[in-house]
Amino acid sequence: TMCWIALQIGYLGRYEEAEQLYVRAEPLMMKSFVASDQPLCLAYRGNTEHARGRDTVALPYAEEAVRLRDQRGGVENPGLAHALVSLGRVQLGLKRLDEAERNVSRSLAIVQKPGQDAEFRAWWVGESYEWLGLIHLEQKRYADARKAFEGALERRRLLFGDSITVANTYRELG
């Protein structure tokens, strides 16, 4: 919970406050009996550093989140999909485009399959498509970017109807 609060505070631009919460949460996270706590918190911390514009700082957090999810959760784990998108965002920011594409594509392959956490999977199909589109834009693969954004738009319209989330996807598609 503390890591989630830190993530939200970080998205508000209150980075020092978020950092303090992550530092407080770390010893608790390390003692947790819930296998997903540590990789989730690491992914959140990487997301905060990415939002802060510090992708070189974010990279080890995101990589460790993926490593732990791979180690603990297996191929079909939707939590792995979340970690892979988090890593892909950072890699996009670092212009490591081939790696970013591989990780986000892997995320998409996970969440497109039926399985546990249907609501999570439904949301992350749209997220994965959106980030794949952004990666393709950076690669100047515009036809592939369009297909990815259309995939994101289809999923988000299904989930949210007319909403800011759908409007943002229309903006990216434009």
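Residues numbered from 1 in each chain as written. Predicted model: local features only at pLDDT ≥ 70, side-chain atom pairs only at ≥ 80, totals over all residues. Heavy atoms only, no water.

A. Structural view of the overall build of the chain. A count of helical and extended segments in the chain gives nine helices and zero strands. When the elements of the chain are put in sequence order from the N terminus, they spell out α-α-α-α-α-α-α-α-α. Relative to its length of 174 residues, the chain is compact, with a C-alpha radius of gyration of 16 Å against a globular reference of 16 Å. Structurally, the chain occupies a C-alpha span of about 45 × 35 × 30 Å along its principal axes. Looking at the chain as shown, the accessible area adds up to about 9,100 Å², and 54% of this sits on carbon and sulfur atoms. Each charge sign in the chain was given a centre, from 24 positive and 24 negative side chains, and these centres are 1 Å apart. (Helix = DSSP H or I, 4+ residues; strand = E, 2+ residues; numbered from the N terminus. Rg over C-alpha atoms; globule rule 2.2 N^0.38 Å. Areas by Shrake-Rupley, 256 points an atom, 1.4 Å probe, with all protein chains shown as cover. Lys, Arg positive; Asp, Glu negative; His and termini not counted. Charge placed at Lys NZ, Arg CZ, Asp CG, Glu CD.)

B. Structural view of unusual backbone geometry. A positive phi angle, near 65 degrees, is found at K95, a position not held by glycine. Along the chain, the position of K95 falls in the loop between α5 (78–93) and α6 (97–111). Given the relative accessible area of 51%, K95 is considered exposed. For K140, which is not a glycine, the phi torsion comes out positive at approximately 65 degrees. (Buried < 20%, exposed > 50% of the residue type's maximum accessible area, 1.4 Å probe, protein only.)

C. Local environment of the environment of V85. Within the element layout of this structure, V85 appears in helix α5. Taking relative accessible area as the criterion, V85 reaches 0% and is therefore assigned buried. For the pair V85 and R156, spaced 71 residues apart in sequence, the C-alpha separation works out to 17 Å. Once residues within four sequence positions are removed from consideration, V85 is found in contact with V104, S107, W124, S128 and W131. (Contact = heavy atoms within 4.5 Å.)

D. Main features of the packing of helix α7 (residues 118–138) against helix α8 (residues 142–160). For the pair α7 and α8, the least separation of the axes is 8 Å and the interaxial angle reads 155 degrees. Between α7 and α8, the angle is such that the two are roughly antiparallel. Crossing handedness for the pair α7 and α8: left-handed. (Axes fitted to C-alpha atoms, helices over the stretch in contact; angles between N-to-C directions. Parallel < 35°, antiparallel > 145°, perpendicular 65-115°, else oblique. Left-handed = near helix turned anticlockwise from the far one by under 90°.)

E. Here's a closer look at helix α2 (residues 15–31). Given a rise of 1.5 Å per residue, 17 residues ought to cover 24 Å, and the 25 Å separating the end C-alpha atoms of α2 matches this to within 8%. At A25, α2 shows its strongest bend, of approximately 35 degrees, with the proline P27 following within four residues. Looking at α2, one finds that the buried residues are A18, L21, Y22, A25 and M29. Elements in contact with the buried residues of α2: α1 (2–11) and α3 (37–51). (Expected span 1.5 Å × (residues − 1). Bend = angle between axes of the 7 residues up to and from the residue.)

F. Quick look at the nonpolar core. Formed by 33 residues in total, the largest nonpolar core has its most connected members in V66, L92, Y129 and W131. Where this core is concerned, the elements lending two or more residues are α3, α4 (55–73), α5, α6, α7 and α8. When neighbours within four sequence positions are excluded, W131 is seen to be in contact with H50, V85, R89, L92 and V104. By size, the runner-up hydrophobic cluster in this structure holds eleven residues, among which are A6, L21, C41 and Y44. (Core = buried A, V, L, I, M, F, W, Y, C linked by side-chain atoms within 4.5 Å.)

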